[in-house]
Amino acid sequence: MLIFYVFLLGLIVGSFLNVCIYRIPRGASVSFPPSHCPNCKEPIKWYDNIPVFSYLLLRGRCRVCKIKISFIYPVIEIITGILYLLVYFKYGFTILTVKYIIFVSILIVLGMIDLQTYYLPEKLTFSLIFLGFALAFISDITILQSFLGAATYLFPFFMIYAYGESILHKSILGFGDLELVAGIGAFIGYRGYFELHLFFTISFVIGAIVSVILLIKKQKGRKDMIPFGPFLVLAAIIMILK
Ligand SMILES: [Zn+2]
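Owing to the predicted nature of the structure, the values given are computational and were not obtained by experimental measurement.

Draft legend 1. Spotlight on the UniProt feature "domain: Prepilin peptidase A24 N-terminal" (unreviewed entry) in the chain. Annotation from UniProt places "domain: Prepilin peptidase A24 N-terminal" (unreviewed entry) at residues 8-90. Each end of residues 8-90 is marked by a C-alpha atom, and these two atoms are 18 Å apart; helix forms 48% of the span and strand 0%.

Draft legend 2. Region of the structure containing the UniProt feature "domain: Prepilin type IV endopeptidase peptidase" (unreviewed entry) in the chain. In the numbering used here, UniProt assigns the "domain: Prepilin type IV endopeptidase peptidase" (unreviewed entry) feature to residues 101-211. Across residues 101-211, helical content stands at 81% and strand content at 0%; the span's end C-alpha atoms are separated by 28 Å.

Draft legend 3. Inspection of the packing of aromatic side chains at higher detail. With the rule as written, the count across this model stands at 16 aromatic pairs. Taking 4.9 Å as the distance between ring centres and 40° as the angle between the ring planes, the aromatic pair formed by Phe-200 and Phe-204 counts as tilted. Taken as a pair, Phe-200 and Phe-204 lie in helix H8 (residues 193-216) at a separation of four residues, close to a single helical turn. Ring centres of Phe-228 and Phe-231 lie 5.5 Å apart, and the angle between their planes is 80°; on these two criteria the pair is classed as edge-to-face. With respect to burial, Phe-228 and Phe-231 carry one shared label: buried. Put simply, the rings of Tyr-153, Phe-157, Phe-199, Phe-200, Phe-204, Phe-228 and Phe-231 touch in pairs and so form one group of aromatic residues. Looking at Arg-26, its charged tip hangs above the ring of Tyr-22, at a distance of 3.8 Å from the centre. For the cation-ring pair, Lys-90 lies above Tyr-91, with the distance from its terminal atom to the ring centre recorded as 5.8 Å.

Draft legend 4. Quick look at H8. Compared with an ideal rise of 1.5 Å per residue, which puts 24 residues at 34 Å, H8 spans 34 Å between its outermost C-alpha atoms and is within 8% of the ideal. For H8, every residue scored as buried is listed here: Glu-195, Leu-196, Phe-199, Ile-202, Ser-203, Ile-206, Gly-207 and Leu-214. For H8, the secondary structure elements touched by its buried residues are helix H6 (143-168), helix H7 (175-188) and helix H9 (229-241).

Draft legend 5. Main features of the layout of surface pockets. Considered as a void within the structure, the largest pocket measures approximately 860 Å³ in volume. If you go around the largest pocket, you meet 40 residues; those closest to its centre are Ser-35, His-36, Ile-44, Asn-49 and Ile-69. Looking at the lining of the largest pocket, the elements that each hand over two or more residues are helix H1 (2-23), helix H2 (53-57) and helix H3 (72-91). Top element by residues in the lining of the largest pocket is H1. It accounts for five residues. Along the lines of polarity and charge, the residues of the lining of the largest pocket split into 21 nonpolar, nine polar and 10 charged. Put simply, the parts of the chain that give the lining of the second largest pocket at least two residues each are H7 and H8. The leading source of residues in the lining of the second largest pocket is H8, at five residues. Per-class residue counts for the lining of the second largest pocket are 15 nonpolar, six polar and seven charged.

What counts, and where the lines are drawn
- Residues numbered from 1 in each chain as written.
- Predicted model: local features only at pLDDT ≥ 70, side-chain atom pairs only at ≥ 80, totals over all residues.
- Heavy atoms only, no water.
- UniProt positions renumbered as here; feature names shortened; annotations may be inferred.
- Helix = DSSP H or I, 4+ residues; strand = E, 2+ residues; numbered from the N terminus.
- Phe/Tyr/Trp six-rings, centres within 6.5 Å; stacked < 30°, edge-to-face > 60°.
- Buried < 20%, exposed > 50% of the residue type's maximum accessible area, 1.4 Å probe, protein only.
- Lys NZ or Arg CZ within 6 Å of the ring centre and 35° of its normal.
- Expected span 1.5 Å × (residues − 1).
- Contact = heavy atoms within 4.5 Å.
- 1 Å grid on protein atoms, 1.4 Å probe; cavity = no way out; pocket = protein on both sides within 12 Å on 5 of 7 lines; lining within 4 Å.
- Points joined across faces, edges and corners; volume = space filled by probe spheres on them.
- Nonpolar A, V, L, I, M, F, W, Y, C, P; charged D, E, K, R; others polar.

Here it is, written out as structure tokens:
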């Protein structure tokens, strides 16, 4: 029964994450005004704002102006629900589940914003770093591990940021990626060289596979930019669920 509530919580928070993903890059407040249709600006009634369910009932259209609403919205809600469940299965009825659902929630917002805008808002990356340190007090790592995590996760990516461009003639990472990776390190904490190496490898392997697929499908040319943030987000989620 608890499983059902964890999933439901994920759907509801996922609905709020959608608001954040849409509004934060536009510099808008996430709490005001209440949800409205991006086309006709008509406020969305509470009964039309039920995660996933309302989308299916209205067949993905605004009730008032009938414009198509992106299917990304219910997908984000379902992904959030599933990730909450996976965190719960891994950490059980403990404070760690709370810590890691906060982590996963911020990562979803950052990953989606980077995917859509090629930009990681500083407000969010610094919140991630700060929360990583703060939540170390109630978690399975010490505050020292949290600081060390931020520094050691940052280091290899900083080297790539600083020297990668002169070797590859192409910048792979932006400054926002460095802030994101420091936040991930602060949350996961330093747990030995193997873990650090694993995170680094997973993010680059996923990045390489996706880039090759995009190149083959000709969706991206050699000179196009591919945001690296979503790969860091995926790698971080794999690290806490493995
Ligand atoms: Zn509308």
